[in-house]
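Fold and contact review
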Amino acid sequence: MDLILVNLIDGLVTGLLLFMLSAGLTLIFSMMGVLNFAHASFYMLGAYFAYQVSLFLGFWMGLLVAPVIVGILGAGVERYGLRRVHQYGHVPELIFTFGLALLIEEVVQFIWGKDQMPYAVPEILQFTAFSIAGNSIPAYKIFMIFISVAIFITLLYVLTRTRVGMIIQAALSYPRTVEALGHNVPLVFMGVFGVGTALAGVAGVIAGPVLATFPGMAVVLGSIVFVTIVIGGLGSLWGALVASLLIGWITTFAKSYNVRMEDILTGLGVQKPVDMSESLIRDLWTITSPQIADILPYLLMVLILVFRPYGLFGKRDA
Amino acid sequence: MTTQSLTRPPLVTLSGALPWVIATLFLLAMPQIFTSNSALTIMNQMAITIVFALAYNMLLGQGGMLSFGHAVYMGMGGFMCVHVMNYVEDYSLPIPLPVLPVFGGLFGMGVALIVGSFSTRKAGTVFAMISLGVGELIAACSVIVVAFFGGEEGVSGDRTYGLPVFGTEFLHQIEIYYLTVFWLVLSALLMYLFSRTPIGRMANAVRDNPERAEFLGYSARWVRFYSFVASGFFAGIAGGLFAINYEILTEENLNLATSGSILLVTFLGGVGFFFGPIIGAIVFTLLQTVLSLQTEIWQLYLGILFLATVMYFPGGLAGVLMMHALPIRLGKAGLLVVPYLRTLLPAALCILGLAGALEILFHIRHAALGDSEMTLFWVTFDSHAPLPLIAAIVAVAVGFWLARRSAPELAEAWHKANTPDGGAA
C-alpha cells in the first residue's frame, strides 16, 4: 500500500512534467496544424539556459529568465522560420521542425559540449519533505508538482476566463473571422508558439537537475511527448493531461513492480518449454515489466491508433 | 513526353532509355577510375543509400507521406538477410548470395503490410506520428527480442560461406560492388517503372488532392497502402544490400537517427523529381565521409544546410538544377554565368568565413587546456589570438556585402534568361 502511494507520487511527477511539454505542443498543433518536432529541443534549451544563468544568478533567477529566453527564441522561430515554410504546406513544416530539432542539438553540443552539465537541485530544496514507510520523498519532487499544477491552473484560467484566452480560442476555430474583427491573428499565432515553447522551457528548467542536463535529453523525452498527444487526441488539452498522467503512472508502476512474463504465462496455464535455447520465442518467457516499461507508451499508442484512431479525447476528424 | 496523339507512345524510347544506359555504364566503369578500397567502400555505401532514398521517396515525394520510421523496413530486411545468411551456412541451403536481397525485400514488405494496414488510413501529420511511434517501438524491441535482433551487439553473418556463383565467392570488395550495382540498377528501374504505372500515378493524385481522387472512385487509403508496401519492399532490398556489405546489423539500423538521416538525404536531393534522392544520396555520402574527416562539427553544418534547404529551396538540389531547364531550352543560360560568378563567389567567401569563425570558436571552447594551436584551411595559427577570428568575421562581412550588392543583378539576369525572345514574361 505504501509503495503504491510512493509510485503514485513518482508517476504524478513524470506525468505532470510530460503534460507541461504536451500542453504547449497540443496548443500549437490545434492552432497551426503543425506538430512542432523541435518542442523537446526547446525543453532542452530551457535546462541549458537555466544552468548557464544559475551559474551567475542562482537557480531562482534561472527559473525566471530561462523560459523567457526560450519563449522569445520560439516566437522568433515561428516568425522567421515557420511562417516562411508555411506556404509550402504541412509536410515541409514538419520537416522544418525536424531539421530544427537536429540543429538545436548540434548547437547545444557546439556551445556546451557532449558531457552532462553539473546542474543541481538548489540547496534550499535539498531535504526530505516527508517519508512514507521508509521511502523518502524529496522536497524537489513536491516543488515540481506545485510548479506544474500552478502552471496548469494559470493556463486554464487564461484560456477560459480572460479576453486574451477568448481571442486565442476563437482564433483556433475561426481565424479568418477573428482577423476580420480586427485582431492580429499572425501575432496571436506567434504569441501562442512563444508561450508554448516557454512552457517547454519551464519544464526543462525544473527537470534539468533531476533528469540530467545533457545533449540527448531532447531525444529521450521527445518521442514520448508526441506519443502522449497522439494518445490523448491531437489538439485536445484535456486529452494531453489524461494521457500524460496515464503514461507517467504506467511507466512508473511497470518499473517498480517486477512482473514477469513467465508468471503470467504459467498462470494462464501455458507449459514452459524445457529447452529454450533454440526456441524462437524464448525472449517472450524472459520479459519482465521493468524491461518493457519504456516501450509501453508506444505499445499503448499503436493500440489506441488501431482501435480509436482519433485518440482518447480527439474529435473524429481532427 | 509531349505527344498529344491518341496512339499509345512506344514503351521504350531512345531518349527514355538513354539515361539508364549511361548511368549503368558509368557505374560499371567507376571501379576502373577509383580503384582504392576506401573508394569502393564509399561507393557501396552510396549505392545502398540511393536504393533506400529512392524507396523513401516513393512515400515522401510520390505519395506525400512523411515517415519518421522508415529505417525499420530497411533494418528488418537487413536482419532477415543476416539470418538467412546464417541458415545457408548452418544447413548448407542452395541459396546463392546474389538473391539474398529478395528475402530482405519480402520481409520488409511483410512488415510494411502489417504496419501499413493501420498507418495509411491518414496521410500528413497522423501518418508521420504513427510511423514515428512504430519506429521507436521496433527500435526499442530490438534490445528485448534477442532471438531475432541479437540484443545490444546485433546479429552478424559471413557472406563468403554461401554457394559460389560462377566461381565468385564474394571475398573481395569489388565483387560486392558489382553485386550492389546490379541490385541498384534493377531496383531503381523497377521503382521508376512503378511510378509510371496507374497505381504510381494515382499515388501522385492522392498526394495532391485526396478528396478529388476519392471522387474519381479511388480509395485514397488503398492507394497509399500500395505505395507503402512497395516502398517497404525496396527498403528491405536496401537492407539486404546493407547486410551483404557490412555483414552485421544492430539497433542503430532501426532507430530514429537512421530514419531521420534518410529524410535528410531525400529532402536535400529533392523530392519533386525521381532522380532527386540519387543526387541527395551521393552528395550526403560524400559530405559525410569528406567533411567528417576534416571537422568535428560537420553535423552542425549539415543541420544548417538542411534547414536552409527546407526554407529557401524546398525543391532540393534537383529542384535547383531543374530550374535551369527553361533558360537552357531558351538558349539563354549563358546570360547567367557572369552574374552567378559575381554573386556566388562572394557568397562562398562568406560561408567559408562563417565556417572558419565557427571552427575557431569551437576550438576555443572545447580544445584541451593549453592547446591553442589549430590548423584551418592549411594555415596553422593560435586560436586564442584575436586576429584569425577577426579575419574570419571580415571575410563574412565582405562576402555578404559583395553578394548582396550583386544579387539584384542576378535576379534581373534570371528574369531575362527565363523570358522567351519577344514574348511577354
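Residues numbered from 1 in each chain as written. Chains lettered and ligands numbered in written order. Predicted model: local features only at pLDDT ≥ 70, side-chain atom pairs only at ≥ 80, totals over all residues.

**Structural notes on the overall build of chain A**
Secondary structure assignment for chain A yields 14 helices and two strands. Since a compact globule built from 318 residues should have a radius of gyration of about 20 Å, the 21 Å found for chain A is in line with a globular shape. Structurally, chain A occupies a C-alpha span of about 75 × 50 × 40 Å along its principal axes. Each of the 318 residues in chain A was classed as buried or not, and the buried ones make up 43%. (Helix = DSSP H or I, 4+ residues; strand = E, 2+ residues; numbered from the N terminus. Rg over C-alpha atoms; globule rule 2.2 N^0.38 Å. Buried ≥ 20, exposed ≤ 12 C-beta atoms within 10 Å, placed from the backbone.)

**A closer look at the interface of chain B and chain A**
At the junction of the two partners, chain B supplies 36 residues and chain A supplies 39 residues. Elements represented by at least two residues in the side of chain B that touches chain A include exactly helix H5 (124–144), helix H6 (146–149), helix H11 (256–269), helix H13 (298–312) and helix H16 (334–366) of chain B. With 13 residues, H5 of chain B is the single largest residue contributor to the side of chain B that touches chain A. When its residues are assigned to classes, the side of chain B that touches chain A shows 26 nonpolar, eight polar and two charged. (Contact = placed C-beta atoms within 7 Å. Nonpolar A, V, L, I, M, F, W, Y, C, P; charged D, E, K, R; others polar.)

**So, the UniProt feature "transmembrane region" (unreviewed entry) in chain A**
All names here are of chain A. Using the residue numbers shown here, the UniProt feature "transmembrane region" (unreviewed entry) corresponds to residues 12–37, 49–73, 94–112, 139–160, 181–206, 212–231, 238–257 and 295–313. Segment residues 49–73 splits into 96% helix and 0% strand. End C-alpha atoms: 12 Å apart. End C-alpha atoms of residues 139–160 are separated by 32 Å, and the span's content is 100% helix alongside 0% strand. (UniProt positions renumbered as here; feature names shortened; annotations may be inferred.)

**Comments concerning H5 of chain B**
An α-helical turn contains 3.6 residues, so any two residues separated by three or four positions project in the same direction. The terminal C-alpha atoms of H5 of chain B lie 31 Å apart, and with 21 residues this matches the ideal 30 Å at 1.5 Å per residue to within 8%. In terms of burial, H5 of chain B is a largely internal element, 17 of the 21 residues being buried. (Expected span 1.5 Å × (residues − 1).)

**Notes on the pairing of strand E4 (residues 379–382) of chain B**
All names here are of chain B. Of the strand pairs in this sheet, strand E3 (residues 373–376) and E4 are connected by four bridges, and their pairing is antiparallel. Within E4, the position partnered with threonine 375 by the bridge is threonine 380. The hairpin formed by E3 and E4 contains two residues between the paired strands, and phenylalanine 377 there has a positive phi angle of roughly 50 degrees. (Pairing = 2+ DSSP bridges.)

**Looking at the environment of arginine 84 of chain A**
Inspection of the secondary structure assignment puts arginine 84 of chain A in helix H3 (residues 59–85). Taking the C-alpha atoms as reference points, arginine 84 of chain A and alanine 170 of chain A, 86 residues apart in sequence, are found 24 Å from one another.

**Focus on the packing of helix H5 (residues 139–161) of chain A against helix H8 (residues 185–211) of chain A**
Between two packed helices, what matters for the description is the angle formed by their axes and the separation of those axes. Residues and elements named next belong to chain A. The contact between H5 and H8 brings their axes to 11 Å, and the two run at 175 degrees. On the basis of the axis angle, H5 is roughly antiparallel to H8. Of the residues in H8, those in contact with Tyr140, Met144, Ile147 and Ile151 of H5 are Leu199, Val202, Ile206 and Val210. Residue composition of the contact of H5 with H8, grouped by class: eight nonpolar, no polar and no charged. (Axes fitted to C-alpha atoms, helices over the stretch in contact; angles between N-to-C directions. Parallel < 35°, antiparallel > 145°, perpendicular 65-115°, else oblique.)

**Here's the deal with unusual backbone geometry**
Backbone phi values are negative for most residues with the exception of glycine, while trans is the configuration of most peptide bonds. You will see that alanine 212 of chain A, though not glycine, has its phi angle at about 75 degrees, which is positive. Residue classification places alanine 212 of chain A among the partly exposed positions, given that 14 C-beta atoms sit within 10 Å. For glutamate 247 of chain B, which is not glycine, the phi torsion reads 60 degrees and is therefore positive. By secondary structure assignment, the location of glutamate 247 of chain B is in the loop between helix H10 (220–246) and strand E2 (248–249). Residue glutamate 247 of chain B is classed as partly exposed on the basis of its C-beta count, with 16 C-beta atoms lying within 10 Å.

**A closer look at helix H12 (residues 276–294) of chain B**
Taking 1.5 Å per residue, 19 residues should reach 27 Å; H12 of chain B reaches 26 Å between its end C-alpha atoms and fits that length. Tucked into the core, H12 of chain B has its buried residues touching helix H2 (37–63), H11 and helix H14 (316–322) of chain B.

**Let's talk about the packing of helix H2 (residues 39–57) of chain A against helix H4 (residues 90–112) of chain A**
Residue and element names in this part refer to chain A. Packing of H2 against H4 leaves a shortest axis separation of 9 Å and a crossing angle of 20 degrees. When the axis of H2 is compared with that of H4, the two are roughly parallel. Between H2 and H4 lies a crossing of left-handed hand. Residue-level contacts link Ser41, Met44, Leu45 and Tyr48 of H2 to Leu100, Ala101, Ile104, Glu105, Val108 and Trp112 of H4. Tallied by class, the residues present in the contact of H2 with H4 amount to eight nonpolar, one polar and one charged. (Left-handed = near helix turned anticlockwise from the far one by under 90°.)

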